[in-house]
Each structure stands twice: as structure tokens, then as C-alpha cells.
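Spelled out from the first residue to the last, the chains are:
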Amino acid sequence: MFKAMVLSKADDGSTRAAIESLDEGDLPAGEVRVAVDYSTLNYKDGLAITGKAPVVRKFPMVPGIDFAGHVLESSDARFKPGDAVLLNGWGVGESHWGGLAGQARVKADWLVPMPAGMDARHAMAIGTAGYTAMLCVMALQDRGVAPAAGPVLVTGANGGVGTIAIALLAGLGFTVHASTGRLEESDHLKGLGAAEIVDRATLAAPGKPLQKERWAAAVDSVGSHTLANVCASISYGGTVAACGLAQGMDFPASVAPFILRGVALIGVDSVNAPMARRLIAWRRLAAELPMDLLDKNTRTVGLDAAADAAAQLLAGKVRGRVLVDLAA
Ligand code: NDP
């Protein structure tokens, strides 16, 4: 038997999260059964657990879009019992039971072998948010963005994507500007590597189609007016990697930055990213992200406290990452 968070839909349409005891026979089909050591709380988990957006496609559902652990049994030759593995996305925690449980059974194609130099705890201190931050950094670098081009802006700075994007970019030698609504966390953001703090209120309202060229590039996890203002403030030929919607899913922008300044807006998706790209991202995370910074950026909770922490995350009250220890 193992504990799991199970989401169900109440008669009034609200989502109910309960901790239940399950056994192996309850798990969905898949080639690999994994003992989950750690999962995490990402923005999407917050939406699923609170029911604030229709992330969950069928009920009952075990949420948790990522996990790290070790293989218990496998009918696929690529994995054997004891192998350390991690998983992000693929609809896990949305349409296939996810990581907020002592065990998971998934497709072998979805699993990433634990990269050298990484353990399950650190892998999930990074989690989907951190892996997405790396995909954003890779998107900028694919476009040739280099430190000499000028400062790079990270929005949603205190969030999971934001904090890890700051640490990664600073580690690569970029001058990082961090946009946040929590100016009281400026010291934490500077500790991660931010050189300058931007009040997110200055980017949150409708702005002009073209503004002063302030940043060579940006990683945006906020969307809406913020993304529009960021695009309008990117210098000639610069690049924006957009991955999130913390302010909103809308994009009230003009084409001016794209057609007059050659700015590129690159969309970043972590859920269905090809395996080859995931392997590069995880190898780079293991090599480039200082683990001491990661520890300072992470709070650990047990499964019993995960639903409350998910509500705090959606309320914008979580700094950095929330790790869920399935053994706690
Ligand atoms: P977090 O909740 O950890 O961080 C979001 C941050 O955005 C907050 O900490 C806050 O930062 C800022 N924020 C919150 N509300 C607002 C608002 N109304 N206006 C402006 N800023 C706001 O979430 P994650 O970092 O895990 O995820 C961030 C976004 O990225 C989410 O929308 C998520 O869905 C998306 N995402 C997308 C992925 C993909 O595959 N494309 C994968 C992972 C995440 P501060 O307090 O510093 O202002």
C-alpha cells in the first residue's frame, strides 16, 4: 500500500483533494512502475489541486506533473529495477495518474534516466518549473543570445520558473534583471544572481507598442500585458522566450516589435518537448545549476501539506520551489 493524493469532482463542480491509501492494482497501465521519492508543486499542479482551471481531464486523478524515484518493475528493456528516473509532463497528473503518490506506473517513453551528478531530491527541487527555465535558456541561446548583447529580463521572478531562470542565466554570465511584485524578496533574487530588480507593476498595465529598448532578451512566465510590454522593450533583433500565463493567457500586443525591430517571440512547451531536448536540458541542469542555490530556493512539505501549499502557490505566496517528500 502507498499514500496518494486523489482528486475527485464534487456534485457542485468543485475539486476535492484527499489523501488515500492505494495499492499497485489501482495504478493505470504502463510499462514501468516507479517508487516515487519526490514530486513537486508547479503552477499547473496548483490549478489541478484547487480546481481553478480545467487541467484535470478525468476523475479520479492523482495530480503531480513530475516526479523522481526508482524503478520497481519494468516490462521495457530500457529500464530495470533500481534505476533512478525522473518524469516531466506528457499529460501525467492531467490525464494519466501523476507523481503525488508513493508509486506511479507510466510509459517507458516518458521517463528520463537520472542525469549523472543529480539525485531525486535535487531533480525535483528543479522539477518541471526548472526544466522549463532551462528550455527557455536554450531557446534564447538557439537564437544566438549571448551576455555581450545586454541585460536579460526574467518575469515572475520569485516563481519556480523565474528563480531557476535567474540562477541559470547568471551562471552563464548574463546580466539578469528580475521583475517581481514582491520587492521584499529582492535580496533572495540578488542571491540567485539578479543584478537589478524591476517592479512588476511597471509592466503589468497596457503600454505603448514600442518602448525604450531595455533588454536584449527575456524569459517570460507571466503573459498578458507583461509579455506585451516586454516585447515592446526588447532591443533590435532580440528574443523573448514565453512559457507562462501567471498574469493571464491573453496577449494584448502589437506586431510593431516584430516587424520594426526584428524581435523574435519563441514559445516554450515542456509537456510534449521531444526526448532529445529533455536529455540535453537535464544534462545541462545537472552540470550548470549550483545545488546550494537550489537548496536555498526550495521548501519541502509532506503529502499531507501539499494541498495547502498548492493554494499558497496559486495565491503568489510561494517563493521558489516546493518539493513534496513522499516518505515524509
Ligand atoms: P509560480 O507560481 O511558482 O510563479 C509564478 C510567479 O509569477 C509568481 O511567483 C509571481 O512572481 C508571478 N505572478 C503571479 N501572479 C502574477 C500576476 N497576476 N501578474 C504578474 N506576475 C504574477 O509558477 P511557476 O513558476 O511554476 O510557473 C509560472 C508560469 O509558467 C505558469 O503560468 C505556468 O503555468 C507556466 N509554466 C509553463 C510551462 C510550459 O511548459 N510552457 C511549464 C512550467 C510552467 P513575483 O511574486 O516575483 O511577481
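Every value quoted in this text rests on a predicted model; they were computed, and no experiment measured them.

(A) Summary view of the domain arrangement of the chain. By domain assignment, the chain separates into domain 1 (2-114 + 297-325) and domain 2 (128-267). If you average the C-alpha positions of domain 1 and of domain 2, the two centres end up 29 Å apart. With 12 residues of domain 1 at the interface, the matching set in domain 2 holds 14 residues. Of the roughly 1,000 Å² buried at the junction of domain 1 and domain 2 (both faces included), carbon and sulfur atoms supply 48%. On the domain 1 side of the interface with domain 2, the three residues burying the most area are N88, N297 and R319, jointly 47% of the side's total. The interface formed by domain 1 and domain 2 contains one salt bridge. On inspection of domain 1 and its partner domain 2, the count reaches nine residue pairs in polar contact (both at pLDDT 80 or more).

(B) Highlighting the pairing of strand β15 (residues 321-325). Counting buried residues along β15, five of its five residues qualify, which places the element largely inside the surrounding structure. At this point the chain moves from strand β14 (residues 298-302), through helix α10 (residues 306-314), to the parallel β15, and the crossover so formed is right-handed.

(C) Summary view of the packing of helix α2 (residues 120-142) against helix α8 (residues 275-288). It is the contact of α2 with α8, at a shortest axis distance of 9 Å, that shows an interaxial angle of 105°. Judged by the angle between their axes, α2 and α8 are roughly perpendicular. Contact with α2, carried on its side by A123, I126, G127, G130, Y131, M134, L135, V137, M138, A139, Q141 and D142, involves R277, R278, I280, A281, W282, R284, L285 and E288 of α8 and no other residues of that element. In terms of residue class, the contact of α2 with α8 is made up of 12 nonpolar, three polar and five charged.

(D) Quick peek at the site of the ligand. In the region of the ligand, 24 residues are neighbours, and T180, G181, R182, R200 and S270 sit closest. A distance of 3.3 Å separates an oxygen atom of the ligand from a polar backbone atom of G159. Protein burial of the ligand: of its 920 Å² of free accessible surface, 87% is covered by the chains. For the shell around the ligand, a count of residues per class yields 10 nonpolar, 11 polar and three charged.

(E) Representation of empty space enclosed by the protein within the structure. This model, assessed by the stated rule, comprises one cavity of 30 Å³ or more. One number sums up the size of the largest cavity: a volume of about 40 Å³. Lining the largest cavity, in full, are T163, I164, A167, L192, L289, L293, L294 and N297. Elements represented by at least two residues in the lining of the largest cavity include exactly α3 (160-171) and α9 (291-296). Split into classes, the residues belonging to the lining of the largest cavity amount to six nonpolar, two polar and no charged.

(F) Fine view of the environment of V198. Inspection of the secondary structure puts V198 in strand β10 (residues 194-199). Using a relative accessible area of 5% as the deciding quantity, one classes V198 as buried. Distance in space between the C-alpha atoms of V198 and N229 is 13 Å, their sequence separation being 31 residues. Those residues in contact with V198 that sit more than four places away from it in its chain are L153, H177, A178, S179, T180, L203, R214 and W215.

(G) Representation of unusual backbone geometry within the structure. Cis rather than trans, the peptide bond between F59 and P60 has omega equal to -10°. Summarising the element assignment, P60 is placed in the loop between α1 (43-50) and β4 (66-74). Not every positive phi belongs to a glycine, and W90 is a case in point at roughly 65°. Position of W90 relative to the elements: it lies in the loop between β5 (84-88) and β6 (103-106). Positive phi values are uncommon outside glycine, yet S224 reaches one of about 50°. Counting through the fold element by element, S224 comes out in helix α6 (residues 224-232). A relative accessible area of 4% means that S224 is categorised as buried.

(H) A look at the pattern of salt bridges. As enumerated under the stated definition, the model contains 14 salt bridges in all. Its salt-bridge partner being E94, residue K44 comes within 3.1 Å of it at the nearest N-O pair. Of this pair, K44 sits in helix α1 while E94 sits in the loop between β5 and β6, placing them 50 residues apart in sequence. The class of E94 is buried, set by a relative accessible area of 4%. As a salt-bridge pair, R78 and D76 come within 2.9 Å of each other at their nearest N and O atoms.

(I) Representation of the pairing of strand β9 (residues 176-180). Within β9, five of the five residues are buried, which leaves the element mostly enclosed by the surrounding structure. Here β9 shows no split at all, with V176, A178 and T180 on one side and H177 and S179 on the other all buried. Pairing geometry for strand β8 (residues 152-154) and β9, over three bridges, is parallel. Counted as the bridge partner of V154 is A178 from β9. Considered for its hand, the β-α-β crossover made up of β8, α3 and β9 is right-handed.

What counts as what
Residues numbered from 1 in each chain as written. Predicted model: local features only at pLDDT ≥ 70, side-chain atom pairs only at ≥ 80, totals over all residues. Heavy atoms only, no water. Domains from an automatic or database assignment. Contact = heavy atoms within 4.5 Å. Buried area = accessible area lost by both parts, 1.4 Å probe. Salt bridge = Lys/Arg side-chain N within 4 Å of Asp/Glu carboxyl O. Polar contact = N/O pair within 3.5 Å; in protein donor to acceptor, adjacent residues only side chain to side chain. Buried < 20%, exposed > 50% of the residue type's maximum accessible area, 1.4 Å probe, protein only. Helix = DSSP H or I, 4+ residues; strand = E, 2+ residues; numbered from the N terminus. Right-handed = clockwise from strand over helix to strand, strands pointing away. Axes fitted to C-alpha atoms, helices over the stretch in contact; angles between N-to-C directions. Parallel < 35°, antiparallel > 145°, perpendicular 65-115°, else oblique. Nonpolar A, V, L, I, M, F, W, Y, C, P; charged D, E, K, R; others polar. Near = heavy atom within 4 Å. Areas by Shrake-Rupley, 256 points an atom, 1.4 Å probe, with all protein chains shown as cover. 1 Å grid on protein atoms, 1.4 Å probe; cavity = no way out; pocket = protein on both sides within 12 Å on 5 of 7 lines; lining within 4 Å. Points joined across faces, edges and corners; volume = space filled by probe spheres on them. Pairing = 2+ DSSP bridges.

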